Structures are given as structure tokens and as C-alpha cells.
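# Examining the three-dimensional arrangement
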Amino acid sequence: MLKKEIAMSEQFSALREQALAKLKATSTLTDLEQWRVAYLGKKGQLSLTLRSIGQLPKDERPQAGQAANVLKKLLEEAYASRQEVLKADDLARTISQEALDVTLPGHPATQGRLHLTTRTLREIYGIFAQMGFQVVRSREVESDLYNFQLLNIPPHHPARDMWSTFHTTREGVVLRTHTSPGQIHTMRRFCPEPIRVILPGRAYRFEQVTARAEFMFYNIEGLAIGRHITLADLKGTLVNFARRMFGPERELRFRANYFPFTEPSAEADMDCIICGGKGCRICKYTGWVEILGSGMVHPKVLANGGYDPEVFSGFAFGMGLERIAMLKHRIDDIRYFYSNDLRFLNQFS
Ligand code: DAH
């Protein structure tokens, strides 16, 4: 064997011993990668050694090349098996260190529910639907004409004091103060057909917000027009509603009142569901709670809707939706409805 050849094969075996020892010492995948760069990388030890083969005399090169390839293969195989060991270690470490405690309570998926207002509205639609009333919607931004004048409330009439009004920057355009303007829209739409509708929706009043009053609230308006409608129909309809909504033992009492759009007009009081009429804080010790306004549609309003008051008659009523819900669920402050407090809202499902 020639001298150089001996030197070369010694170099190979030294490299092999060193590389394998270092490989054995690797304990993480990061170590292993450093090892790979150092020994098998483009500028690693093995490449350097291979390059030096070029300086050997021509006849010695094949043998040296062959030995180098054997070494390369050996190191690559050693690398692959070390990689497997370290990967398995790594996985085992991850599993033990980052173990999930599946018995910890999770985050419950919260399920939405209908707002109390929506629920109450739907309940009321259901009751009136069974009496033949259909739901009609009407706009929230109204003209002075529909909100007042066509309902027999002329400009400057003192009756306007009944409704503190939100005016807009457009002259003669208001946020409706009640759902009653829907009566005119409905009459004009269906005239000369008979009508039996309820008109639900928001109404707005420029008022101090208190436990009993919001500046925005829901109204439910009712309107029935026909050739033979009487006050008895009004009473029968409303008593039926009160009993379906609040219990079969409920009584209503009609108290004469004034509304410009009905004649005669009456407010309906229901015997107090809290004390059963004996007297309590809710009914202010009278045994009765006011639940709605009503009356026979005023002849002028009928005419404004297109109906001949000599031939047609009708009744109308209007109630505050939240007030109905408050009585039913014994809620003592209207401000809970729209302050988005889930502790309140979640109670109604
Ligand atoms: N619109 C009245 C209000 O907001 C309620 C009302 C009373 C409506 C009598 C009616 C009615 O249809 O006939 O106070």
C-alpha cells in the first residue's frame, strides 16, 4: 500500500469514529441538525475529505472514491436511525409535558334565545291570529300628517301634549309617537274591504327615562273595520285577549277616557294579577292596572281612511308591549328591556 493511500484510509476511519461518536452524543433534533450540517452538509467534513481525493494520484482515486462512498452511506444510515430515535423521544417528551387534562371543564357553547320583547310579541300575535287578526307593519318615521292630523289631532291642538314628540331636522317629519298612524295606512290600503289587523312596532317619545317609561318602546295597535262593528266587539276582543294572555279568571273594566281618534274612548284596566284585586304596590292599592287605550274609531278618522262613517264602523286599541310583559313576568323596571344585561335576558327562555 502506498503511503498516501494509508493516510487516506486513516483519515476516513478517523472521520468515521469521530462522526459516529458525535452522533451518539446528540440528544435533540436541533443537535442532530447541527451534526448533519457539520458532517454531511455541503461544507461538512465529508465533502472536504471527498474534495481532497482530487489531489491523489490518478490510479489511487477510484479506491479512495469507493471508500468515501461507503463512508457516506454509513453516515447517512446512522443519521437516519438516530433521527428516528430522537423524533420518538421528542414526541414522548411533548406528550408528557404538554398533556391535556381532558377532565377540565370546557367552554360551553352559548345558545342564543329570543328577546323577551320578541317572545311577547309572538305570543300576542298568536292570540289575535286566532281571533282573525293579521299582522301589518307600518313605518317608524312618520309625517306629522299621519302621526297626528289624519288621526284627528290638528296642528296646535292641545291634545298634542299627550305625545312628547321627537321631531327630525325635516319639517313635518317625526318619529312616530304611537302605532296609531298605521291605522290610516291600513285603511287606505284595504278600503273598502273589512279590516282586522294588529300593528306592532316601535314608538318613540321624548320623555325622561324612568322605571316606567323608555323613550323607545313597542306598541301593539289593533284595528277592526266593518259594517256592523260595535263596542261589544271591542270589549269581547279585549277581554278574550286578557284572559288568553294572563289567565282565564281575568276581568277587565272599561273606564271612559279621551283619545282624539276614537269616540267614545275608554281605557281598559285589568284586575291586578299580583294581588288578585286586593290591593298592592303594583296596582297602587286600587286592585286594577291600566293595560291599554281603546275606543270606537272616530268618524273623521274613518273618513280619512276612505271609509264612509255612515256605513262603516270600527274599533281600535293600543297597548304598550313592555307593560304587558312587565305585568306578566313581574318585572318592575322597563329599563331592563333594552340595556342588554344578559342576567336579565337569560331568565326568559
Ligand atoms: N295611541 C294611543 C297612545 O299611544 C293608544 C291608543 C288609544 C290607541 C286608543 C288606539 C286607541 O288605537 O283607540 O297612547
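See the structure above.
Notes on the structure in this doc start here.

Next up on the list: the side chain of serine 265. Within the secondary structure, serine 265 sits in strand β7 (residues 262-271). In terms of polar contacts, serine 265 uses its side chain to reach the backbone amide nitrogen of phenylalanine 259, at 3.2 Å. Of the polar contacts made by the side chain of serine 265, one reaches the side chain of threonine 262; its length is 2.6 Å. Those residues in contact with serine 265 that lie beyond four places of it in its chain are Arg255, Ala256, Asn257, Tyr258, Phe259, Ser294 and Gly295.

All right, on to the site of the ligand then. Lining the immediate environment of the ligand, one finds 15 residues, of which His178, Ser180, Gln183, Arg205 and Glu221 sit closest. Here an oxygen atom of the ligand and a side-chain polar atom of arginine 205 are 2.7 Å apart. In the environment of the ligand, an oxygen atom lies 2.6 Å from a nitrogen or oxygen atom belonging to the side chain of glutamate 221. At the level of elements, β8 (288-297) and β9 (313-320) are the ones that each hand at least two residues to the shell around the ligand. Of the residues in the shell around the ligand, the class split is five nonpolar, eight polar and two charged.

So, on to the nonpolar core. Phe128, Met270 and Phe317 are the most contacted members of the largest nonpolar core, which totals 39 residues. Going through the elements one at a time, α5 (116-129), β4 (195-204), β5 (216-226), α8 (231-246), β7, β8, β9 and α10 (321-329) are the ones with two or more residues in this core. Top element by residues in this core is α8. It accounts for seven residues. Among residues more than four places away in sequence, those in contact with methionine 270 are Ala242, Phe246, Arg250, Glu251, Leu252, Gly287, Trp288, Val289, Ile291 and Leu327. Core analysis: the next-biggest nonpolar cluster, separate from the first, contains 23 residues, Ile153, Val197, Phe261 and Val301 among them.

This structure, assessed with the given rule, holds 15 salt bridges. We note a salt bridge from glutamate 140 to arginine 202, for which the minimum N-O separation is 3.3 Å. Of this pair, glutamate 140 sits in the loop between β1 (134-135) and β2 (141-143) while arginine 202 is found in strand β4, placing the two residues 62 residues apart along the sequence. The partly exposed category is assigned to glutamate 140, whose relative accessible area is 26%. Its relative accessible area of 31% is what places arginine 202 among the partly exposed residues. Note that aspartate 271 is salt-bridged to arginine 250, the shortest N-O span being 3.0 Å. Here aspartate 271, found in strand β7, pairs with arginine 250, found in the loop between α8 and β6 (252-259); they are 21 residues apart in sequence, far enough to count as distant. Salt bridges sharing common partners tie together Arg253, Arg255, Glu267 and Asp269.

To continue, consider the packing of α5 against α8. Where α5 contacts α8, the axes come no closer than 10 Å and their chain directions differ by 130°. Relative to α8, the element α5 is oriented oblique. Along this stretch, α5 crosses α8, giving a crossing that reads as right-handed. Contacts between α5 and α8 involve Thr120, Glu123, Ile124, Ile127 and Phe128 from the first element and Thr237, Phe241, Arg244 and Met245 from the second. A breakdown of the residues in the contact of α5 with α8 according to their chemical character gives five nonpolar, two polar and two charged.

Definitions and cut-offs
Residues numbered from 1 in each chain as written. Predicted model: local features only at pLDDT ≥ 70, side-chain atom pairs only at ≥ 80, totals over all residues. Heavy atoms only, no water. Helix = DSSP H or I, 4+ residues; strand = E, 2+ residues; numbered from the N terminus. Polar contact = N/O pair within 3.5 Å; in protein donor to acceptor, adjacent residues only side chain to side chain. Contact = heavy atoms within 4.5 Å. Near = heavy atom within 4 Å. Nonpolar A, V, L, I, M, F, W, Y, C, P; charged D, E, K, R; others polar. Core = buried A, V, L, I, M, F, W, Y, C linked by side-chain atoms within 4.5 Å. Buried < 20%, exposed > 50% of the residue type's maximum accessible area, 1.4 Å probe, protein only. Salt bridge = Lys/Arg side-chain N within 4 Å of Asp/Glu carboxyl O. Axes fitted to C-alpha atoms, helices over the stretch in contact; angles between N-to-C directions. Parallel < 35°, antiparallel > 145°, perpendicular 65-115°, else oblique. Left-handed = near helix turned anticlockwise from the far one by under 90°.

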